Amino acid sequence: MIRSWMLSAALLTLAACSQQKTEDQPAPTPATAQPETPAAAPPAPAPAPAAVAAPVPGETVGGDGSEIRLSGLTEADLKANPLPGELACGFSAKGALLLTAKGAVASKDAALGLVKVGDYVERVGAPGGFDGMLKGATFSGAGKTVIIALTGPAIGDGESPPSPATLTYQRADGAQRVYAGTWTCGP
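So, here's what we can say about the structure.

Criteria and thresholds
- Residues numbered from 1 in each chain as written.
- Predicted model: local features only at pLDDT ≥ 70, side-chain atom pairs only at ≥ 80, totals over all residues.
- Heavy atoms only, no water.
- Disulfide = S-S within 2.5 Å.
- Helix = DSSP H or I, 4+ residues; strand = E, 2+ residues; numbered from the N terminus.
- Buried < 20%, exposed > 50% of the residue type's maximum accessible area, 1.4 Å probe, protein only.
- Core = buried A, V, L, I, M, F, W, Y, C linked by side-chain atoms within 4.5 Å.
- Contact = heavy atoms within 4.5 Å.
- 1 Å grid on protein atoms, 1.4 Å probe; cavity = no way out; pocket = protein on both sides within 12 Å on 5 of 7 lines; lining within 4 Å.
- Points joined across faces, edges and corners; volume = space filled by probe spheres on them.
- Nonpolar A, V, L, I, M, F, W, Y, C, P; charged D, E, K, R; others polar.
- Salt bridge = Lys/Arg side-chain N within 4 Å of Asp/Glu carboxyl O.

Some details on the state of the cysteines
Under the definition given, this model contains one disulfide. Paired through a disulfide, Cys89 and Cys185 show a sulfur-sulfur distance of 2.0 Å. On the sign convention where negative means left-handed, the S-S torsion of about 115° between Cys89 and Cys185 marks this disulfide as right-handed. Separated by 96 residues along the polypeptide, Cys89 in strand β2 (residues 87-93) and Cys185 in strand β9 (residues 176-186) bring together distant segments of the chain. Accessibility classification places Cys89 together with Cys185 in one group, the buried group.

Some points on the nonpolar core
Note that soluble globular proteins tend to have their nonpolar side chains buried in a common cluster. Ranked by size, the top nonpolar core spans 26 residues in total, and within it Leu70, Phe91, Leu99, Met133, Phe139, Leu167 and Trp183 carry the most contacts. Looking at this core, the elements with two or more residues in it are β2, β3 (96-103), β4 (111-117), β5 (120-126), β6 (137-141), β7 (144-150), β8 (163-171) and β9.

Digging into the side chain of Thr166
Note that Thr166 resides in strand β8. Its relative accessible area of 15% is what places Thr166 among the buried residues. Beyond its immediate chain neighbours, meaning those up to four positions away, Thr166 contacts Phe91, Ile147, Ile148, Ala149, Thr151, Val178 and Tyr179.

Describing the layout of surface pockets
A volume near 180 Å³ is recorded for the largest pocket. If you go around the largest pocket, you meet 10 residues; those closest to its centre are Ala93, Lys94, Arg177, Tyr179 and Ala180. Considered class by class, the residues forming the lining of the largest pocket number seven nonpolar, one polar and two charged.

Details of the pattern of salt bridges
Pairing between side chains becomes possible if they bear opposite charge and their charged atoms approach one another. What the rule picks out here adds up to five salt bridges. Note that Asp64 is salt-bridged to Arg171, the shortest N-O span being 3.3 Å. Of this pair, Asp64 sits in the loop between α1 (2-24) and β1 (70-71) while Arg171 sits in strand β8; the two residues are 107 residues apart in sequence, bridging distant segments of the chain. For Arg177, the salt bridge goes to Glu67, with nearest N and O atoms at 3.2 Å. Of the two residues, Arg177 is situated in strand β9 and Glu67 in the loop between α1 and β1; the sequence distance between them amounts to 110 residues. Arg177 sits in the buried class, given a relative accessible area of 13%.

In C-alpha coordinates:
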(Lines give C-alpha, C1' and ligand atoms only; values in the text may rest on other atoms or scores of the structure.)
Protein backbone atom coordinates (compact mmCIF):
# COMPACT_ATOMS: atom_id res chain seq x y z
CA MET A 1 0.00 0.00 0.00
CA ILE A 2 2.80 2.42 0.94
CA ARG A 3 4.67 1.48 -2.25
CA SER A 4 1.68 2.31 -4.48
CA TRP A 5 1.27 5.62 -2.69
CA MET A 6 4.97 6.44 -3.16
CA LEU A 7 4.77 5.41 -6.82
CA SER A 8 1.74 7.68 -7.34
CA ALA A 9 3.50 10.59 -5.63
CA ALA A 10 6.61 10.07 -7.79
CA LEU A 11 4.51 10.01 -10.99
CA LEU A 12 2.70 13.22 -10.00
CA THR A 13 6.00 14.95 -9.24
CA LEU A 14 7.45 13.81 -12.58
CA ALA A 15 4.36 15.04 -14.43
CA ALA A 16 4.54 18.42 -12.70
CA CYS A 17 8.24 18.80 -13.56
CA SER A 18 7.79 17.92 -17.21
CA GLN A 19 4.83 20.35 -17.51
CA GLN A 20 6.90 23.13 -15.93
CA LYS A 21 9.82 22.39 -18.27
CA THR A 22 7.55 22.77 -21.32
CA GLU A 23 6.29 26.12 -20.04
CA ASP A 24 9.87 27.35 -19.39
CA GLN A 25 11.10 26.70 -22.94
CA PRO A 26 11.48 29.77 -25.18
CA ALA A 27 9.11 30.30 -28.07
CA PRO A 28 10.38 28.95 -31.39
CA THR A 29 12.23 31.40 -33.62
CA PRO A 30 10.71 32.23 -37.00
CA ALA A 31 13.15 29.90 -38.79
CA THR A 32 12.05 26.91 -36.73
CA ALA A 33 8.42 27.88 -36.33
CA GLN A 34 5.71 25.58 -37.59
CA PRO A 35 3.84 26.74 -40.71
CA GLU A 36 0.76 28.74 -39.80
CA THR A 37 -2.60 27.16 -40.17
CA PRO A 38 -5.16 29.05 -42.24
CA ALA A 39 -6.98 31.73 -40.27
CA ALA A 40 -10.24 30.61 -38.82
CA ALA A 41 -13.42 32.40 -39.83
CA PRO A 42 -14.16 35.36 -37.58
CA PRO A 43 -16.53 34.53 -34.78
CA ALA A 44 -20.17 35.24 -35.40
CA PRO A 45 -21.31 38.53 -33.89
CA ALA A 46 -22.90 38.26 -30.48
CA PRO A 47 -26.66 38.49 -30.56
CA ALA A 48 -28.01 41.94 -29.79
CA PRO A 49 -29.28 42.30 -26.24
CA ALA A 50 -33.01 41.92 -25.99
CA ALA A 51 -34.90 45.17 -25.70
CA VAL A 52 -36.27 45.92 -22.27
CA ALA A 53 -39.86 44.86 -22.39
CA ALA A 54 -42.59 47.21 -21.32
CA PRO A 55 -44.04 46.41 -17.93
CA VAL A 56 -46.71 43.75 -18.05
CA PRO A 57 -50.03 44.43 -16.34
CA GLY A 58 -50.46 42.35 -13.22
CA GLU A 59 -49.39 42.17 -9.63
CA THR A 60 -47.18 44.41 -7.52
CA VAL A 61 -43.47 43.91 -8.23
CA GLY A 62 -40.59 44.92 -5.96
CA GLY A 63 -40.59 47.15 -2.94
CA ASP A 64 -41.27 45.96 0.58
CA GLY A 65 -43.66 43.26 -0.60
CA SER A 66 -46.90 45.07 0.25
CA GLU A 67 -49.50 45.20 -2.50
CA ILE A 68 -50.30 48.29 -4.53
CA ARG A 69 -54.09 48.41 -4.83
CA LEU A 70 -55.74 51.23 -6.74
CA SER A 71 -59.47 51.70 -6.23
CA GLY A 72 -61.98 53.39 -8.50
CA LEU A 73 -62.68 57.04 -7.81
CA THR A 74 -66.31 57.63 -6.85
CA GLU A 75 -68.55 60.64 -7.45
CA ALA A 76 -68.18 61.45 -3.73
CA ASP A 77 -64.34 61.39 -4.08
CA LEU A 78 -64.52 63.82 -7.00
CA LYS A 79 -66.88 66.21 -5.16
CA ALA A 80 -64.73 66.13 -2.01
CA ASN A 81 -61.53 66.84 -3.99
CA PRO A 82 -62.37 69.38 -6.73
CA LEU A 83 -59.69 69.93 -9.39
CA PRO A 84 -59.04 73.26 -11.15
CA GLY A 85 -58.74 73.28 -14.94
CA GLU A 86 -60.67 73.57 -18.16
CA LEU A 87 -60.47 70.05 -19.60
CA ALA A 88 -59.89 66.61 -18.13
CA CYS A 89 -58.24 63.29 -18.89
CA GLY A 90 -58.98 60.01 -17.19
CA PHE A 91 -57.60 56.49 -17.01
CA SER A 92 -60.15 53.68 -16.67
CA ALA A 93 -59.64 49.95 -16.22
CA LYS A 94 -62.35 47.32 -15.92
CA GLY A 95 -65.05 50.01 -15.65
CA ALA A 96 -63.35 51.92 -12.79
CA LEU A 97 -61.88 55.42 -13.04
CA LEU A 98 -58.40 54.98 -11.52
CA LEU A 99 -56.98 58.44 -12.29
CA THR A 100 -58.53 61.74 -13.29
CA ALA A 101 -56.71 64.99 -13.98
CA LYS A 102 -57.59 68.49 -15.16
CA GLY A 103 -55.53 71.21 -16.72
CA ALA A 104 -55.78 74.46 -18.61
CA VAL A 105 -55.30 74.47 -22.38
CA ALA A 106 -52.05 76.07 -23.65
CA SER A 107 -50.78 76.46 -20.08
CA LYS A 108 -47.43 75.84 -18.49
CA ASP A 109 -49.15 75.27 -15.15
CA ALA A 110 -49.29 71.70 -13.93
CA ALA A 111 -52.30 69.51 -14.55
CA LEU A 112 -53.63 68.29 -11.22
CA GLY A 113 -55.08 64.86 -10.68
CA LEU A 114 -56.45 62.33 -8.24
CA VAL A 115 -55.67 58.65 -7.71
CA LYS A 116 -57.20 56.45 -5.03
CA VAL A 117 -54.79 54.09 -3.28
CA GLY A 118 -56.78 51.63 -1.22
CA ASP A 119 -59.29 53.91 0.52
CA TYR A 120 -57.26 57.13 0.32
CA VAL A 121 -57.61 59.75 -2.40
CA GLU A 122 -54.22 61.27 -3.20
CA ARG A 123 -53.27 64.27 -5.35
CA VAL A 124 -50.77 64.10 -8.20
CA GLY A 125 -49.52 66.62 -10.76
CA ALA A 126 -48.01 66.60 -14.26
CA PRO A 127 -46.32 69.45 -16.14
CA GLY A 128 -47.82 71.13 -19.19
CA GLY A 129 -51.49 71.57 -18.31
CA PHE A 130 -54.11 69.81 -20.42
CA ASP A 131 -51.93 69.75 -23.55
CA GLY A 132 -49.20 67.92 -21.61
CA MET A 133 -51.58 65.02 -20.94
CA LEU A 134 -52.90 64.35 -24.46
CA LYS A 135 -50.32 61.70 -25.36
CA GLY A 136 -49.89 60.29 -21.87
CA ALA A 137 -48.18 61.91 -18.91
CA THR A 138 -46.02 61.34 -15.86
CA PHE A 139 -47.72 62.44 -12.65
CA SER A 140 -45.96 62.72 -9.34
CA GLY A 141 -47.06 63.15 -5.76
CA ALA A 142 -45.88 62.39 -2.25
CA GLY A 143 -44.01 59.06 -2.47
CA LYS A 144 -45.40 58.07 -5.85
CA THR A 145 -45.09 58.41 -9.62
CA VAL A 146 -47.94 57.51 -11.96
CA ILE A 147 -47.08 57.02 -15.63
CA ILE A 148 -49.75 56.95 -18.33
CA ALA A 149 -48.41 55.44 -21.58
CA LEU A 150 -50.53 55.13 -24.72
CA THR A 151 -50.24 51.67 -26.26
CA GLY A 152 -52.23 52.15 -29.47
CA PRO A 153 -54.29 54.54 -31.58
CA ALA A 154 -57.62 55.96 -30.42
CA ILE A 155 -60.56 53.58 -30.53
CA GLY A 156 -63.50 55.03 -32.44
CA ASP A 157 -64.36 58.51 -33.61
CA GLY A 158 -65.75 61.62 -32.04
CA GLU A 159 -64.36 64.47 -30.03
CA SER A 160 -62.80 62.39 -27.22
CA PRO A 161 -62.22 58.78 -28.24
CA PRO A 162 -60.36 56.60 -25.70
CA SER A 163 -56.89 55.24 -26.46
CA PRO A 164 -55.55 51.95 -25.12
CA ALA A 165 -53.01 52.72 -22.41
CA THR A 166 -51.24 51.48 -19.31
CA LEU A 167 -51.06 53.12 -15.91
CA THR A 168 -47.87 52.29 -14.03
CA TYR A 169 -47.99 53.19 -10.35
CA GLN A 170 -44.50 53.40 -8.81
CA ARG A 171 -44.01 53.74 -5.10
CA ALA A 172 -40.96 55.39 -3.47
CA ASP A 173 -39.75 52.00 -2.12
CA GLY A 174 -39.31 50.68 -5.68
CA ALA A 175 -42.60 48.78 -5.89
CA GLN A 176 -44.67 49.12 -9.05
CA ARG A 177 -47.88 47.80 -10.52
CA VAL A 178 -49.17 48.14 -14.06
CA TYR A 179 -52.83 48.41 -15.00
CA ALA A 180 -54.11 48.05 -18.59
CA GLY A 181 -57.03 50.22 -19.64
CA THR A 182 -57.91 53.34 -21.64
CA TRP A 183 -56.88 57.02 -21.53
CA THR A 184 -59.51 59.55 -22.55
CA CYS A 185 -58.95 63.32 -22.84
CA GLY A 186 -61.44 66.03 -23.71
CA PRO A 187 -64.51 67.87 -22.55
